[in-house]
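Remarks on the overall topology
Okay, here's what each chain looks like letter by letter:
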Amino acid sequence: MKKFMAMTMAMVLAMGTLTGCGGGSSDTASGDIPVIGISQYGQHASLDNCREGFLLGLEEAGLVEGVDFTIDYQNAGFDDNIATQIAQNFSANDVALMCGIATNAASACYAAAEDKNIPVIFTAITDPVKAKLDNGNITGTSDKLPIEAQLQLIREMQPDAKTIGILYTTSEPNSVSAVEENQAKAADYGFTIEAVGVMQQAEVVQAADTLLKKGIDCMTNLTDNNVVGVLDSILEKTNDAGIPVYGSEIEQVKKGCVASAGIEYVGLGKQTGLMAAKILKGEATAEEMPYETVTDFEIYVNPDAMAELKLNVTVEGAMDVTAE
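Residues numbered from 1 in each chain as written. Predicted model: local features only at pLDDT ≥ 70, side-chain atom pairs only at ≥ 80, totals over all residues. Heavy atoms only, no water.

**Here's the deal with the sheet that holds strand β11 (residues 292–293)**
- What the six strands build is an open sheet, ordered β2-β1-β3-β4-β5-β11; its pairing is parallel. Among the strands making up the open sheet, the edge pair consists of β2 (70–75) and β11.
- Pairing analysis gives four bridges linking strand β4 (residues 120–125) to strand β5 (residues 138–142), with the strands arranged parallel. Opposite isoleucine 121, over in β5, you have threonine 139 as the bridge partner. (Pairing = 2+ DSSP bridges. Helix = DSSP H or I, 4+ residues; strand = E, 2+ residues; numbered from the N terminus.)

Below you can see the structure in the form of structure tokens.
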């Protein structure tokens with residue numbers, strides 16, 4: 001009996017050892033693939049395009065998902081607390097790289113990654129300096145708005161306009177920076193700026209009513225996520241009031257803004273993905289690479305929205321986009 005039990009135990013231990021080796025080999029193989037944690041601040045077309053472009057950039061750099069990297073994609077739903085939780089989970093799981101799409105997500109990733117020195121790459125941030133994301137093991141791409149081109153476009157489309165309205169989030173450094181630049185440059189094009197700030201997305205629609213009561217001739221929209229998230233509701237009010245809204249990129253024009261001087265966000269994301277690939281390949285560190293600003297922009301117009309608001313002008317070189 002003792003011999004039988006000893007033999008049985010030996011067999012169990014042997015099987016366990018073999019199973020453990022096999023499992024360990026498999027786990028190690030999957031564990032060798034770097035994980036990129038993508039934290040997207042919220043769901044709207046511009047940020048979705050950034051994510052799509054980011055993956056295209058990795059692919060263009062020759063990296064293959066499932067072989068050279070895997071993706072852990074999380075969406076914060078425009079909630080700062082959730083963005084923080086996502087970033088902390090990435091840090092706890094020791095991801096190889098964090099990608100923050102939009103300022104709040106990137107800031108949360110940077111804070112969570114700092115102790116472990118995990119590289120962070122960002123995209124869709126207007127002013128990385130003002131957001132304090134320009135130093136350390138972090139880099140990325142800026143979507144700084146071509147504000148002078150937008151002011152020129154508005155003047156071309158509305159020769160008699162005097163006052164431009166802007167809605168923005170007061171706690172969003174990028175939006176504050178964009179408002180300040182609009183205010184500094186508006187007089188050169190014969191405009192004054194009426195800006196109404198909000199603290200959270202729930203206040204935006206009511207703030208639009210306040211702005212319309214100030215007698216504005218049009219609105220210019222920033223890349224402010226709280227505002228963009230309820231753009232449909234804003235456009236309902238502005239269309240009823242006969243006030244044109246100028247977007248900051250193509251997706252906003254598709255939704256019903258009359259026009260935009262803006263960048264293309266898939267391209268922005270792709271540029272970010274190419275930078276991330278250098279980090280994953282060991283060709284450069286995030287700290288070594290200064291952030292990059294996309295300067296190329298297009299003029300987009302929505303003929304249907306223009307017709308509804310009786311803007312009977314032709315914008316030379318503009319790209320027509322169909323309303324959604």
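From this point, the discussion proceeds with the structure in view.
**A short note on the packing of aromatic side chains**
- A full pass over the atoms with the stated rule returns two aromatic pairs.
- Summarising the aromatic geometry, the rings of tyrosine 41 and phenylalanine 78 are spaced 5.6 Å apart at their centres and angled 90 degrees between planes, so their arrangement reads as edge-to-face. With tyrosine 41 in the loop between β1 (35–40) and α2 (45–60) and phenylalanine 78 in the loop between β2 and α3 (80–92), the pair connects residues that are 37 residues apart, well separated along the chain.
- A residue is classified by how much of its surface remains accessible, and tyrosine 41, at 6% relative accessible area, is buried.
- Centroid distance phenylalanine 122 to tyrosine 291: 6.4 Å. Interplanar angle 50 degrees. Geometry classified as tilted. One end of the pair, phenylalanine 122, is in strand β4; the other, tyrosine 291, is in the loop between α11 (265–281) and β11, with 169 residues separating them in the sequence.
- Look at phenylalanine 122 and you get buried, because its relative accessible area is 0%.
- Note on tyrosine 291: relative accessible area 30%, which makes it partly exposed.
- Taking NZ or CZ as reference, arginine 51 lies 4.2 Å from the ring centre of tyrosine 73, over its face. (Phe/Tyr/Trp six-rings, centres within 6.5 Å; stacked < 30°, edge-to-face > 60°. Buried < 20%, exposed > 50% of the residue type's maximum accessible area, 1.4 Å probe, protein only. Lys NZ or Arg CZ within 6 Å of the ring centre and 35° of its normal.)

**A few points about the confidence of the model for the protein**
- Looking at the protein as a whole, its pLDDT mean stands at 89, while 90% of the residues score no less than 70.
- Under a pLDDT of 50 for its full length, residues 1–30 has, in the predicted model, zero contacts with residues more than four places off or in other chains. (pLDDT = per-residue confidence, 0-100. Contact = heavy atoms within 4.5 Å.)

**Quick look at the packing of α2 against α11**
- Between α2 and α11, the shortest axis-to-axis distance is 6 Å and the interhelical angle comes to 40 degrees. The angle between α2 and α11 places the two elements in the oblique class. In this structure, α2 meets α11 at a crossing whose hand is right-handed. Here α2 contributes Ser46, Asn49, Cys50, Glu52, Gly53, Phe54, Leu56, Gly57, Leu58 and Glu60 to the contact with α11, which in turn contributes Tyr265, Val266, Leu268, Gly269, Lys270, Thr272, Gly273, Leu274, Ala276, Ala277 and Leu280.
- By residue class, the composition of the contact of α2 with α11 is 11 nonpolar, seven polar and three charged. (Axes fitted to C-alpha atoms, helices over the stretch in contact; angles between N-to-C directions. Parallel < 35°, antiparallel > 145°, perpendicular 65-115°, else oblique. Left-handed = near helix turned anticlockwise from the far one by under 90°. Nonpolar A, V, L, I, M, F, W, Y, C, P; charged D, E, K, R; others polar.)

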